[in-house]
Amino acid sequence: MSNDFINPIRRSVRASLGSRLLRALAIALLVAFGNFGLWALTHLPVLAPDVSAHVAGLSYTPFQRKDDPAEGRFPNRADIDADLALAAKLSSNIRSYTSAQFPDLPSLAEKHGLKLTAGVWLNGESSHDALELSSGLEAVRTHRNITRLIVGNETLLRKALTRDELIVQLNQARASSRVAVSTAEPWHIWLAQPELAEHVDFITIHLLPYWEGIDVSGAVAHALYQYESVKKRFPNKSVVIGEVGWPSSGDRFGGAIASPANQAIFLRQFLAAAAPMNLDYFVMEASDQPWKVQEEGHAGAYWGMMDATRQLKFSFSGPIERDPYWRVKASIASLLGFTVLILCLTRLSGMRGIAQVSFALACQFIMSGAVILFTQPLSSYLRGTDWVALVIFIPTLIMMILILLAHAFEFSELFWGGSLRRTFKPLKQIDGADEPFVSIHLACCNEPPEMVIATIASLAGLNYSQFEVLVIDNNTSDPRLWKPVAEFVATLPAHFRFIHLPKWPGYKAGALNYALRKTDPRATIVGVVDADYVVKADWLSALVGYFRDPSVGIVQLPQAHREWGSQVFRAMMNWEYEGFFRIGMHHRNERDAIIQHGTMTLIQAKALREHGAWSEWCVCEDAELGLRLMKQGFSTVYVDKVLGQGLTPDGFGAFKKQRYRWAQGGMQILKAHAAALLVGASESHTEKKLSAGQRYHFLAGWLPWLGDALHLVFALAAVAWTIGAAFTPRWITLPTVLFMVPLATFVLAKLVLGPLLYWRRVPCSFLDIAGASLAGMGVSHGIARGVISGLFGGEARFVVTDKGSMPAESRDKNDSTKPLNHSKVSAWLAVREELLMLVTLLSAAAVLAWTTSQGVNGMRLETVLWIGMLLVQALPYAAAVICLKLSLRPERYVEMQAIAAA
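Residues numbered from 1 in each chain as written. Predicted model: local features only at pLDDT ≥ 70, side-chain atom pairs only at ≥ 80, totals over all residues. Heavy atoms only, no water.

(A) The arrangement of the overall build of the protein in detail. A count of helical and extended segments in the protein gives 29 helices and 17 strands. Here the C-alpha coordinates of the protein stretch approximately 115 × 70 × 50 Å along the principal axes. Among the 902 residues that make up the protein, the fraction classed as buried is 57%. The long-range share in the protein, meaning contacts at least 24 apart out of those at least 6 apart in sequence, stands at 78%. Roughly 37000 Å² of accessible area belongs to the protein as shown, and the carbon and sulfur atoms make up 62% of that amount. (Helix = DSSP H or I, 4+ residues; strand = E, 2+ residues; numbered from the N terminus. Buried < 20%, exposed > 50% of the residue type's maximum accessible area, 1.4 Å probe, protein only. Contact = heavy atoms within 4.5 Å. Areas by Shrake-Rupley, 256 points an atom, 1.4 Å probe, with all protein chains shown as cover.)

Next comes the structure, spelled out in structure tokens:
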């Protein structure tokens, strides 16, 4: 028999392989070239004045890439000697910051013909400061190349000494020094405390407009204006610019952006202006000092004209490249995008052109972003803690990339419409043909009897003659729950049977397997319906026609719900479910990869009997069976027509518990069928390989759940990192913006793509979309725990989802989640972990904000972004609390009764 009627995609007009390849190649090439062009437009070289490579002076700190004074690692004499040889090619003057720490520095500078403005480092410790000052004065006495002495560097700014204490040090130095003495402070300190000038021989100012948040375009003008302000304020003192420069990397500070191009622009503009003015200055600084990250944040490491390997970071003439490696990065991004698109588009020939272009653009955007993020650490000086952060970050980034690609594919195929070819409508049996015999199985455990009776009553009204109904009540000990059901079934015709199993293994799967053994041998189709569903009369008659094709293993209808409009959270749950059945199932059905979800489902009886029945080891026995039948080569059919409606879970706790079980079962399935899903292997000679589309949809469908689990791990790691950065900033600093960008992009994509698809495919209002999104976010933690339990836990335990009311004493004593009609205290226990995570994340953000705001420069951008990331990570936990609160609101008819009574 032809099976074309269950595979309409085979009957669609399809382009030849050559034309499909040609279209895919054309789209991929256009997008790849467009991507390269966009990189080029955003990386146009910038112009700056050509200047001499010889500067008036360099501030110099000898630490090498491997050195760190905090850990007791210092450069040796050979390192300093090599540095000064390089410095002598750039300038004839250097400025140091400490005299006691590097006593060989003056003599080595003299060896290379360098004049030295010697520094004395003051930190407020009397013994340290005394040693520094005596060492500096001794160096002045013994080395003729020392021309000036600077006692203290930003001492008042750092609040290491008071003004009067600093003046004591300056007076002592001036009394004993043969050279002029000064102290170095930012320009505003001199203007705020002009009396300091009375105790120095010259003024040393720092002009670092980056720290003032000045955009690079006006930074040089701003610096020179402040220079003139100081000169005007102290006309009888010469003014030396002790530090002037710009970092090549670091956090955005106000309008100031640290980048290689901006560093080159600033310094070349400043050098061009300084030459005719004959300024006395020291460029900040000779080479990068990675250890300064601990003291000054990320920008502190990148002020050098040379990098930490002592290579010049920019040219003094010609155009300035914004990123010298942009062509390599753009090429890699374009090649990655092109490769992925060729692999995908040749297989997606059924997609409309606009859908293919949409997916191509999204794919290329994601690849470019990935290249930028993966290459960013290559331009940074990574420390041990940074490598730890990368170990967490890289898997997270890879997971986010995969999830974004999956979202982009789903969005492109479904948003534009017209791309789906494999669609199904009700298909009745041919007129005059015999009806196939259907055995309907209804398993229940501790269910409210009135709810089960309503389901059985609806089955009794089916307009179908050849069927039986087996009601299997397993593990219900309270006779008040199962006896009314048994008594009702006894009033029905003989093809309705009730079986009570007081103690039976295997949970729902065990009950269904028992029903399978008791099934009438005439049955060629097995139907399964949940105990809360009320089915329509034509459920069977509308679908059995599909089983004329022996390759059809499953015919599945969507889950649908009733009685949800009277309570706000029930409505939110209803629309959250609707999204999967209006969007996800259609997407999966296109490649014969639907999820069998265990209610309103019809299964070929022979296939069910011959291929393992229901798996009692899996808490999602329905989805596992569907996958197993696909592996046997059976086709599945998804008919998006509501022919039965059930009840939503009884409150947020039950909703979360159900999603926990689904995630746990999904991971059980992933582990059990890993070979077939991951590498396409056949586990026995009777199995067929899953198609690429089937493997994709099962794996891609679980990616968001894996992302939820990773979110939990990342949130815990972020809290630990935050506490470390707040209380041990010398050893643990906040990661760069690199770590915030993927999360922000990921959240933004979910906030945009999901609602847009809902708007396009689910018939609901924007308020309903927002409610569905909130409900979905609220179960994120439950999903995360389900994933972790499924991957790493022991034997899973099936827990029935509460729907409807039942006596409290009949509930599972190990289940702390209670429905709407139970105590609020019990209900709030369902979100105790989410509450703890929410408080923890908010507290970590508050602690970090308070501790960093106490610093000299206040909170940096990296701190603000990290706090923002903590708040974003708190959203799912806040959503759970809000959902719980909404689920405790009374039904509307209760509210109306209260109003009427009043």
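That was the structure; now back to the text.
(B) How the structure looks around the packing of helix 17 (residues 568-589) against helix 24 (residues 766-778). Viewed as axis vectors pointing N to C, helix 17 and helix 24 meet at an angle of 85°, and their least axial separation amounts to 8 Å. Considering their axes alone, helix 17 and helix 24 lie roughly perpendicular with respect to each other. In this structure, helix 17 uses Phe 569, Met 572, Trp 575 and Glu 576 to contact helix 24, whose residues at the interface are Asp 768, Gly 771, Ala 772, Leu 774, Ala 775 and Gly 776. When its residues are assigned to classes, the contact of helix 17 with helix 24 shows six nonpolar, two polar and two charged. (Axes fitted to C-alpha atoms, helices over the stretch in contact; angles between N-to-C directions. Parallel < 35°, antiparallel > 145°, perpendicular 65-115°, else oblique. Nonpolar A, V, L, I, M, F, W, Y, C, P; charged D, E, K, R; others polar.)

(C) The packing of helix 12 (residues 353-375) against helix 13 (residues 384-415), seen in detail. For the pair helix 12 and helix 13, interaxial distance at closest approach is 9 Å and the crossing angle is 170°. Considered as vectors, helix 12 and helix 13 are oriented roughly antiparallel to each other. Listed contacts from helix 13 to Ala 355, Ser 358, Phe 359, Ala 362, Cys 363, Ile 366, Met 367, Ala 370, Leu 373 and Phe 374 of helix 12 are Ile 394, Leu 397, Ile 398, Ile 401, Leu 404, Leu 405, Ala 408, Phe 409, Phe 411 and Ser 412.

(D) Seen up close, the sheet that holds strand 14 (residues 552-556). In space, the seven strands of this open sheet follow the order 11-10-9-12-15-14-16, with mixed pairing throughout. Edge positions in the sheet fall to strand 11 (496-501) and strand 16 (635-638), since each of these pairs with one other strand and no more. Pairs of neighbouring strands in the sheet enclose a mean axial angle of 20°, with direction left out of account. Where strand 14 meets strand 16, four bridges bridge the pair, whose relative direction is parallel. For Val 552, the partnering residue across the bridge sits in strand 16 and is Ser 635. Against the sheet, helix 16 (residues 507-517) touches strand 9 (438-444), strand 10 (467-474), strand 11 and strand 12 (525-528), its axis set at about 140° to strand 10. Packed on one face of the sheet, helix 19 (residues 621-631) meets strand 14, strand 15 (601-604) and strand 16 and runs near 145° to strand 14. (Pairing = 2+ DSSP bridges.)

(E) Structural context of helix 27 (residues 832-852). Its 21 residues give helix 27 an end-to-end C-alpha distance of 30 Å, which sits within 8% of 30 Å, the value for a rise of 1.5 Å per residue. Glu 834, Met 837, Leu 838, Leu 841, Ala 844, Ala 845, Leu 848, Thr 851 and Thr 852 are the residues of helix 27 that are buried. (Expected span 1.5 Å × (residues − 1).)

(F) Quick peek at the pattern of salt bridges. With the rule as written, the count across this model stands at 31 salt bridges. Residue Asp 83 is joined to Arg 310 by a salt bridge in which the shortest nitrogen-to-oxygen separation is 2.9 Å. On the criterion of sequence distance, the pair formed by Asp 83 in helix 3 (residues 77-90) and Arg 310 in the loop between helix 10 (293-296) and helix 11 (326-345) is long-range, its members being 227 residues apart. Comparing Asp 83 with Arg 310, the two get one shared label, buried. Its salt-bridge partner being Glu 563, residue Arg 562 comes within 3.5 Å of it at the nearest N-O pair. The exposure class of Arg 562 is buried, given its relative accessible area of 15%. Glu 563 gets classed as exposed once you look at its relative accessible area, which sits at 58%. Through salt bridges with shared partners, one network takes in Arg 163, Asp 164 and Glu 195. (Salt bridge = Lys/Arg side-chain N within 4 Å of Asp/Glu carboxyl O.)

(G) Region of interest: the packing of aromatic side chains. All chains considered together, the criterion is met by 32 aromatic pairs. A centroid spacing of 6.0 Å and a plane angle of 35° characterise the contact between Tyr 210 and Phe 253, whose relative ring orientation is tilted. With a gap of 43 residues between them, Tyr 210 in the loop between strand 6 (203-207) and helix 8 (216-233) and Phe 253 in the loop between strand 7 (239-244) and helix 9 (260-277) connect regions that are remote in the sequence. Of the two residues, Tyr 210 and Phe 253, both sit in the buried class. Judged by centre distance (5.8 Å) and plane angle (85°), the ring pair of Tyr 210 and Trp 303 falls under edge-to-face. With Tyr 210 in the loop between strand 6 and helix 8 and Trp 303 in the loop between helix 10 and helix 11, this pair connects stretches of sequence that are 93 residues apart. (Phe/Tyr/Trp six-rings, centres within 6.5 Å; stacked < 30°, edge-to-face > 60°.)

(H) Structural view of the confidence of the model for the protein. Per-chain confidence: the protein averages 90 in pLDDT, with 93% of residues scoring 70 or above. Below a pLDDT of 50 lies the segment residues 8-15, which in the model reaches 13 contacts outside its immediate sequence neighbourhood of four places, other chains included. (pLDDT = per-residue confidence, 0-100.)

(I) Local environment of the environment of His 586. Along the chain, His 586 turns up in helix 17. A sequence separation of 162 residues divides His 586 from Phe 424, and the C-alpha atoms of the two residues are 10.0 Å apart.

(J) Spatial organisation of the side chain of Asp 81. In this structure, Asp 81 sits in helix 3. For Asp 81, a relative accessible area of 19% puts it in the buried group. For Asp 81, the residues in contact, after removing those within four places along its chain, are Leu 108, Lys 111 and His 112.

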